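Geometric and topological summary
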Amino acid sequence: MTTTTSTPEAILDAVGGADNIVHLTHCATRLRFELHDASVIDKATVEAIPGVLGAVPQSGDRYQIVIGGAVQGVYTEIMNLPAMKSAGAMSDADVKAAARSKARGKNAIIDAFFEYLSDSFRPLLPVLLGASLIIAFEAMLDALGIVDFRDDAAKGATWVFVDSMWRSVFYFLPIMVAYNAAKKLNIDPWVGTAVMAALMTPNFMSLSSKAYTETASGSGMFTQALKFSDQVTCTTNHTLGTESCVAHIFGLPMQLNDYGGQVFVPLIMVAVLAPLYKGLQRIIPVNLQMVFVPFLSFVVMMPVTAFLLGPIGVWAGSAIGAGLAWLNNSAPIVFAIVIPLLYPFLVPLGLHWPLNALMLINIDTLGYDFIQGPMGTWNFACFGATAGVLVLAIRDKDRVMRQTASGALAAGLLGGISEPSLYGIHLRFKRVYPRMLIGCAVGGLIVGIGGGLKASTFVFTSLLTIPVFSPMFLYVVGITAAFLTAMVLIIITDYRTKEERAAAMAAAAGGAVEAPAEDTAADLALEAGAAGAAGAAGVAEALKPGAVTEIASPLVGDVVALADVPDPVFSTGAVGDGAGVTPSGEIVVTAPAAGTVVVAPASGHAYGINLDNGVELLIHVGIDTVNLEGKGFDVKVKQGDRVTAGQELVRVDRAVVEEAGYSLTTPVLVTNTAKFASVELVASGGIERGAALLRITAQD
């Protein structure tokens, strides 16, 4: 008795079985595996499987298997195998959480704590960045003496309104944090939002407000007294110049605080609310939960937060801030060096948000922050390392790294965002970190020797936010030293090992080949034999003996020889012969000729078209752009659509792709190359949409 193994089953066995698969997706031509252990795969075994055109090991435990135009069907068959259904596939969120857990360690409680903090702040990154740019604009006007933003009366109503544009983010930050924290703990985020908002209503704020009474009718003289003087007592700390008030609610003392900008309070509150909310869900009948779970949560948590958790959060934040302030005052040089050396290890794991929260507390309690200045030197050391990589990429004519580094550098210098540099470059090349850390230490040392820095508000440290820091000159010197130190060290010593540099140079010269030539040739021969067995040749126009067919360019840009396409799966011809086009100007991809769309994934990054003339074409927009999951791609067609020559397939937002660091070079490939005598590139230099790109000659 013999057993026949199908291609999907053979692939599943070759990658170590369903239990070894963390995540499986596909693009237009490749199966993309995230594995627990990629070392178990034998590349030769994979490439020997019928229907497999090549195998491409990736960094870490990622692996790609080239299938070609049939990838959708193979993917579906694999996912429908009984072993896969019983194992189940992880979502993207699960994959990311697993990666973070793997990186952080085995202590589940600590991991969960930092995950809670990070996910409570991370979604607020865009609004915090937007607000910080408004602050930077105001700081610039103030530094130039155009507007005095420290005096409301002097700056007038117009600029008071502009102030409100960024203060809305920082004042109501506790409400935003409460929403994210509740969502993170899998309870109704609006319940957490409402509990926090109760402490920021005009009604609550009025408990400590003042009332003014005219001493005599028409006198114009007024006396000031607490609005609820019989129930509220206020004391003044003459040393600090602060006033604290206590209200007696239901006969119990309640400390009154201004909770605007306080971030510890919602974090503590939601941590207590979550078990209460879930407990109520367990004991209240399902048909009554919509009303009574929020109601009872409000009745319990609003008083508990006002009487207990709110004051605890304020005290805790103030105490930690005071401790760091003591260290900054007692050992400013140590403090200024430790902070920038710490951040490069916190940011990749999302552990920097607690320190960011302390910055906000410092500004609320002290009127300034002393952490952001030293932290800025780490950011600019990071950007300096990226600049060094960019210089080397330009020198070595490494197009992919040049695009990655230029996008990351722009995001850093203009937006203060370090993640594109970290994830796109620094964490991939281990030689970067030691050189970057030296830049961090140099910048921190300069700041410490100079006596430290103060930031008037919370911002992302970029070129645009320099005026926020004082003394400004010290800050500029510190970040410049950090930037140049890291950049020069990278340029002099390189960010790659000798082997990595040799591989990059080979790829830039068009010589990068991932699969052995004999294996690829055998696979293509196998595919051609299968295609010949189908017996469909000679019907369409392009397949008639001796026919010559020209394929038009689907977009405007610069022609790239197939060997120069920065992806070995395409450049080796494993998917088919053809060419690449690097788009220029507005990116609009069109159908080169009439045909039927057979591949059009939701991500919008690739299109397979069976042309009416018999040519099977793949247009792959960019390299690895499947990872954008459709962001920046305005798709105009779907699988099964009929298209005509010049009809739009997709419009692409160049900025989105470039910011993510992906190459826009678009391979245009004839996937049924084996049916033709030759596929030739007939264009060079710049090319217009609709102009001849390829010439295909049929077999005799």
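First, a word on what this report is: a plain description of the structure on this page. Worth saying up front: this structure is predicted, and the values here are computed from it rather than measured. (Residues numbered from 1 in each chain as written. Predicted model: local features only at pLDDT ≥ 70, side-chain atom pairs only at ≥ 80, totals over all residues. Heavy atoms only, no water.)

What follows concerns unusual backbone geometry. Omega for the bond connecting serine 470 with proline 471 falls within 30 degrees of zero, at -5 degrees, which places this linkage in the cis form. Take proline 471: it is sitting in the loop between strand E11 (469-470) and helix H20 (472-493). Non-glycine residue asparagine 186 carries a positive phi angle of around 60 degrees. With respect to the secondary-structure elements, asparagine 186 resides in the loop between helix H9 (173-184) and helix H10 (189-198). Residue class for asparagine 186 comes out exposed when judged on its relative accessible area of 62%. If you check the backbone angles, aspartate 494 has positive phi at about 70 degrees while not being a glycine. (Helix = DSSP H or I, 4+ residues; strand = E, 2+ residues; numbered from the N terminus. Buried < 20%, exposed > 50% of the residue type's maximum accessible area, 1.4 Å probe, protein only.)

Here we come to the side chain of asparagine 379. When you line up the elements, asparagine 379 lands in helix H16 (residues 372-395). Given a relative accessible area of 4%, asparagine 379 falls into the buried group. When sequence neighbours within four positions are dropped, the list of residues in contact with asparagine 379 reads Gly416, Ser418 and Thr461. (Contact = heavy atoms within 4.5 Å.)

So, on to the pairing of strand E16 (residues 595-599). On any regular strand, side chains alternate: one points to one face of the sheet, the next to the other face. In terms of strand pairing, E16 meets strand E17 (residues 606-611) through four bridges, oriented antiparallel. Within the sheet, the bridge partner assigned to glycine 595 lies in E17 and is leucine 611. Joining the antiparallel neighbours E16 and E17 is a turn of six residues, in which glycine 604 adopts a positive phi near 75 degrees. Two elements, E16 and strand E20 (residues 642-643), share two bridges in a ladder whose sense is antiparallel. Along E20, the bridge assignment pairs glycine 595 with valine 643. (Pairing = 2+ DSSP bridges.)

None of the figures reported here should be taken as evidence of function without further support.
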